[in-house]
Amino acid sequence: MTPERRVYKRDVIIDVTAKLMFPLTLLFGLYVMIGTGGTGGGFQGGTILATAFILYITVFGTKTGREKMPESTNTFFSSFGLFLYNGAGWLAVLFTFGAAQWLNMSAFWPVADYVGTAGARSFLVSYMVSVGIGLTVMASFVSQYFDLAWKEEDEMEEGGEG
Amino acid sequence: MQLVEHFPVLIVGLSMFTAYTMLLVGFLDRRLPYYIALIMNSFFFILSLFILDYVLTVGPIRYWLGGWRPPWGIEYVVDAMNAYLLIIVISIIILGLIYSRSNVKHEIEERKHVTFYVLVQLMAAGLYGITVTGDLFNMFIWLEIASLTAYALIAVAGGRALRPAYNYVIMGSIGACLYIFGVCWLYAATGTLNMADMRLLLPLLYTDKVVQMGFAMIVVGVMIKAYIFPLHLWQPDCYTWAPSTISSMMASVHVKVMFYILIRLFFSVFTLNFIWQYIRFDILLCWLAAIAILAGSIWAIKQSNLKRMLAYSSISQMGYLLLGLGLSAFSYWGVVGLVAHILNHAVGKGCLFMSAGAFYQKEGLRQIKDCEGLGKRMPFSSAAFTIAAASLIGIPPTAGFASKLFLILASLDAAQYQFVVVLLLSGLLNLIYFWRVIDKIYFVKHEEATKREVERRGDGLPFSMLGPMLFLASLCIVLGFVWLSDLSTPLMNQILANLGVGGSL
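**Observations regarding the overall build of chain A**
For chain A, the count of helices and strands is four helices and zero strands. Considering chain A as a whole, with its 162 residues, one finds that 35% of them fall into the buried category. Sequence separation of at least 24 residues holds for 62% of the intrachain contacts in chain A that already meet a minimum separation of 6.

**Let's talk about the overall build of chain B**
The helix and strand tally for chain B stands at 21 helices and two strands. Taken over C-alpha atoms, the radius of gyration comes to 22 Å for chain B, in line with the 23 Å a tight globule of 505 residues would show. If you line up chain B on its principal axes, its C-alpha atoms span 75 × 60 × 45 Å. Intrachain contacts of chain B at a sequence separation of at least 6 include 78% that bridge at least 24 residues.

**Points about the nonpolar core**
The biggest cluster of nonpolar side chains holds 230 residues, and the ones touching the most others in it are Val89, Ile154, Ala226, Leu323, Cys351, Ala388 and Cys476 of chain B. Setting aside residues up to four positions removed in sequence, Leu323 of chain B forms contacts with Cys286, Ala289, Ala290, Ile293, Leu407 and Phe419 of chain B.

**Some remarks on the confidence of the model for chain A**
Residue and element names in this part refer to chain A. Looking at chain A as a whole, the pLDDT averages 81, with 85% of positions reaching at least 70. The least confident element of chain A, judged by mean pLDDT, is helix α4 (residues 109–158) at 78; the most confident is helix α1 (residues 12–34) at 91. Contacts for the low-pLDDT stretch residues 158–162, under 50 throughout, to residues beyond four places or in other chains number three contacts.

**Re helix α13 (residues 306–327) of chain B**
Between its first and last C-alpha, α13 of chain B extends 32 Å over 22 residues, near the 32 Å set by a 1.5 Å rise per residue. Where burial is concerned, most of α13 of chain B is hidden: 22 out of the 22 residues are buried.

**Let's talk about the interface of chain B and chain A**
Bring the parts together and some accessible area is lost; that lost area is often taken as the interface size. On the side of chain A, 19 residues touch chain B, which itself brings 16 residues to the contact. Contributing elements (two or more residues each) for the side of chain B that touches chain A: α1 (7–25) and β1 (61–64) of chain B. Top contributing element to the side of chain B that touches chain A by residue count: α1 of chain B, with seven residues. Of the residues assigned to the side of chain B that touches chain A, the class counts are 12 nonpolar, four polar and no charged.

**Examining the pairing of β1 of chain B**
Residues and elements named next belong to chain B. Burial of the side chains of β1 is restricted to one face: Ile61 and Tyr63 are buried, whereas none of Arg62 and Trp64 on the reverse face is. As defined by bridge partners, β1 adjoins strand β2 (residues 75–78) across four bridges and the pair is classed as antiparallel. Across the sheet, the residue bridging to Ile61 is Val78, located in β2.

**Things to note about the confidence of the model for chain B**
For chain B, the average pLDDT comes to 91, and 98% of its residues sit at 70 or higher. Interface confidence for the predicted complex, expressed as ipTM, amounts to 0.84; the pTM equals 0.93.

**Thoughts on the packing of helix α16 (residues 379–393) of chain B against helix α20 (residues 463–484) of chain B**
All names here are of chain B. It is at 9 Å that the axes of α16 and α20 come closest, and there the two elements cross at 35°. For the pair α16 and α20, the sense of crossing is left-handed. Counting all contacts with α16, which are made through Phe380, Ser381, Ala383, Ala384, Ile387, Ala388 and Ser391, the residues of α20 involved are Leu466, Met469, Leu470, Leu472, Ala473, Cys476 and Ile477. Considered class by class, the residues forming the contact of α16 with α20 number 12 nonpolar, two polar and no charged.

**Topic: helix α18 (residues 417–443) of chain B**
All names here are of chain B. Compared with an ideal rise of 1.5 Å per residue, which puts 27 residues at 39 Å, α18 spans 37 Å between its outermost C-alpha atoms and is within 8% of the ideal. Within α18, the axis deviates most sharply at Trp435, by approximately 35°. Along α18, the residues that are buried comprise Phe419, Val422, Leu423, Ser426, Asn430, Tyr433, Phe434, Val437, Lys440 and Ile441. In the core, the buried residues of α18 are packed alongside α12 (282–301), α13, α15 (374–377), α16 and α17 (399–413).

**Side note on the environment of Ala390 of chain B**
Residue and element names in this part refer to chain B. Mapped onto the fold, Ala390 is located in helix α16. Distance in space between the C-alpha atoms of Ala390 and Trp435 is 9.6 Å, their sequence separation being 45 residues. Residues in contact with Ala390, not counting those within four places in the same chain, are Ile395 and Thr398.

**A look at unusual backbone geometry**
Residue and element names in this part refer to chain A. The backbone of Phe97 sits at a positive phi, close to 55°, despite the residue not being glycine. Structurally, Phe97 can be placed in the loop between α3 (71–95) and α4. With 8 C-beta atoms counted inside 10 Å, the residue Phe97 sits in the exposed group. Positive phi values are uncommon outside glycine, yet Leu103 reaches one of about 65°. Within the secondary structure layout, Leu103 lies in the loop between α3 and α4.

**With respect to the environment of Val156 of chain B**
All names here are of chain B. Mapping Val156 onto the fold places it in the loop between α5 (136–155) and α6 (162–190). On the neighbour-count criterion, Val156 (23 C-beta atoms within 10 Å) is buried. The sequence separation of Val156 and Ala242 amounts to 86 residues, and the corresponding C-alpha distance is 7.7 Å. In contact with Val156, not counting residues within four places along its chain, are Ile108, Lys112, Phe116 and Pro243.

Cut-offs applied
- Residues numbered from 1 in each chain as written.
- Chains lettered and ligands numbered in written order.
- Predicted model: local features only at pLDDT ≥ 70, side-chain atom pairs only at ≥ 80, totals over all residues.
- Helix = DSSP H or I, 4+ residues; strand = E, 2+ residues; numbered from the N terminus.
- Buried ≥ 20, exposed ≤ 12 C-beta atoms within 10 Å, placed from the backbone.
- Contact = placed C-beta atoms within 7 Å.
- Rg over C-alpha atoms; globule rule 2.2 N^0.38 Å.
- Core = buried A, V, L, I, M, F, W, Y, C linked by C-beta atoms within 7 Å.
- pLDDT = per-residue confidence, 0-100.
- Expected span 1.5 Å × (residues − 1).
- Nonpolar A, V, L, I, M, F, W, Y, C, P; charged D, E, K, R; others polar.
- Pairing = 2+ DSSP bridges.
- Axes fitted to C-alpha atoms, helices over the stretch in contact; angles between N-to-C directions.
- Left-handed = near helix turned anticlockwise from the far one by under 90°.
- Bend = angle between axes of the 7 residues up to and from the residue.

As structure tokens, then:
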């Protein structure tokens, strides 16, 4: 006895809502990441960015989602986010020739000259560190979602061995 | 600020950087991650030598991350103990990586190679992080990184490794939960997460039930991670079915770093005064250790699987470390034995797991009864196995003898003579279970072996596997002389001073 495969019909309301919500969710995620201009918000913003992609995948199916967001892109983003975050720390050391500590943003003179020490701190934390964390979190969440969703489809095609 | 002071954070930060770079580079060529990891870890090894030199000549490194002042910001503190452990961890990771070159090809399917090396590098980053940090919450973050990657690395072989890995996930998560709960309780009582700051604030609160409860929770949580005797149940299966490289790395350094958390907790967050005056925990620890030593050895005797026997032997050896920790409340020789045994066991057990992996790779044997005549078929691996086993038994010219001697001196100094009996008895038990293997290797003839002996000289293994194994085996002998000579005295005195233990060698 094989389980009955239910085929969902495409629903215009769901399609249009998802398409409309997708950019708005991305924008909101970006606002959470960099809008506050201070520490924090990287993880939350990244999660919101990931929900946009997860919504897209849920509505249009894993195959379409895979074409839009392949695994190599996920890997790139998760690495790139860490490079941004970690690199911001190293830039602080490099720009001061080792006089300032890792991630000591107030010593980041190329920015600090223009906006002041506190300004440099908040600028770099929100635009580099938070964005870096956000990208990594987003890529990791999407990748995990794919792992779960993809697996299930594979198993269904093979007849559900697991 | 001196350049050396950047090195701890350079090691940790660059490790993460390297791991993610390897993930990207893996798309270009599957062999590249191995070389990148090897080069970067060798670089870290050189840096860690500079750190040790600085720590011994100038003093502890205190590094304020992001320039925030310590009670509020995260601080990395490296004193003699950290630097010593950091060198051990980095060198074992390098040797494990060299060993993995051909071992991984044999035990792990090709498509997983990139992620395997990335996970190894991430685990290394976690271990380095735990070693250099001076902040309890930051330590939790690195603890999680080191543990999560360890779960995945045990499961990477698939098949029979999956169930033990899942057990480990459950037990390890409970351990991490208890650790973080304990830290939360301490934070609730003191309002700080910095170890040095907490050490200053805690003495007024030593009778506080919240503080004592937090201490108990952290100890139990870390004990699960470091498989101290009653909490060891996840460990034997994991070490048996994990890839040999991972068994060797985890038994040598992963568990040492987990144990190091206990050392920091006892000596740098709390004081020995708290342990032996307020909660009377020291003698309990000693008895727990005695049971662990004997029970681990007895279980090891009745195993038929070689790697499983080594896993139980590890449980017994963790008992030695715990005994050293317990006895350090009475005598500084306990700390000396503990510190010496961290290195001796890392070297010895790493070598044993590597040779067990070599036996499996070349002859496909996992059971002890199949080891017949291996001394003829694989002379170098068998020799390495025998020397490392001799070190763990504690036969005089080897390293294990020195640490057992220190522990016996500690028991005598503390007037706890029952532990001398336990140590001598456990040496005998160690001899029994290692002799079962050595007897099979050298003194039982194998019919096919004599035929094949003519065809093949040496082990038939690549140098990348034999090299690390033989290096560790020779280190077992060299360290035996180093510990008993004056060479290690400056380091040991510095460690004793940094841990706040009176007395010097």
